[in-house]
Amino acid sequence: MSEKSTFSHAQPVSFGERLANSQAFADLFRDGMALVEETATYLDGPGRSESKQLPRAAALAYATESMRLTTRLMQLASWLLLHRAVKEGEMSLAQANKEKAKVKLTASDRHDADNIELLPDTLRKLIARSQALQLKVRRLDATIHNQADGEQVAPVNPVERQLGLLKAAFGAESV
């Protein structure tokens, strides 16, 4: 067999899988999971105390925004864990692409600026950080999965494949 036929069966390098295995992803994963943990600690501790001292309108805003924050972070954590599984070799990028359909990364949160101003400073900062993380994850997701879609190899024409096999068998340049 010639060297040419050896290379014809090589798979293209997946940019999406490389990006999922990059240091940038590792840093994003670490930062994202740390934010999830920090938020949980705040909401279960100091945040709970702060919310009890808020006036009625601010307490309602706190409840609404803390629920949005928690939901956003759980979706982001799901995405990060899914792509860590790709990094660890536990699943392929194609499998992750199918599973990620269950994860909502949309930035459809519309905040009332007046309500946000009623919130404790720590909660406002956590919300802002989670939105920044969401933006980074959405960009990375688009890069990984749009590239993965574009990496699909077009199906080979069966006639061309047969001609190629004949050429290889007979060592002919034209059949």
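No experiment lies behind these values; they were computed from the predicted model shown.

1. A look at the pattern of salt bridges
Working step 1: For the structure on display, the rule yields nine salt bridges.
Working step 2: Between Asp27 and Arg30 there is a salt bridge whose closest N-O contact spans 3.1 Å. Highlighted residues: Asp27 and Arg30, both in helix α3 (residues 23-44), separated by three residues, approximately one helical turn.
Working step 3: For Asp27, a relative accessible area of 27% gives the class partly exposed.
Working step 4: Between Glu65 and Arg68 there is a salt bridge, with the nearest N and O atoms lying 3.0 Å from each other. Within this pair, Glu65 and its partner Arg68 are both found in helix α5 (residues 56-87), separated by three residues, close to a single helical turn.

2. So, the packing of aromatic side chains
Working step 1: Applying the stated criterion to the full structure yields two aromatic pairs.
Working step 2: A centroid spacing of 6.2 Å and a plane angle of 40° characterise the contact between Phe25 and Phe29, whose relative ring orientation is tilted. With a gap of four residues between them, Phe25 and Phe29 both fall in helix α3, about one helical turn apart.
Working step 3: For Phe29, a relative accessible area of 15% gives the class buried.

3. Things to note about the confidence of the model for the chain
Detailed conclusions should not be drawn from predicted coordinates in areas where pLDDT is low.
Working step 1: Counting all residues, the mean pLDDT for the chain is 79, and 69% of those residues have values of 70 or more.
Working step 2: Taken as a whole, residues 1-8 scores under 50 in pLDDT and shows zero contacts with residues more than four places along the chain or in a different chain.
Working step 3: With pLDDT under 50 throughout, residues 148-155 is counted as low confidence; its partners more than four residues away or in other chains account for seven contacts.

Parameters at a glance
- Residues numbered from 1 in each chain as written.
- Predicted model: local features only at pLDDT ≥ 70, side-chain atom pairs only at ≥ 80, totals over all residues.
- Heavy atoms only, no water.
- Salt bridge = Lys/Arg side-chain N within 4 Å of Asp/Glu carboxyl O.
- Helix = DSSP H or I, 4+ residues; strand = E, 2+ residues; numbered from the N terminus.
- Buried < 20%, exposed > 50% of the residue type's maximum accessible area, 1.4 Å probe, protein only.
- Phe/Tyr/Trp six-rings, centres within 6.5 Å; stacked < 30°, edge-to-face > 60°.
- pLDDT = per-residue confidence, 0-100.
- Contact = heavy atoms within 4.5 Å.

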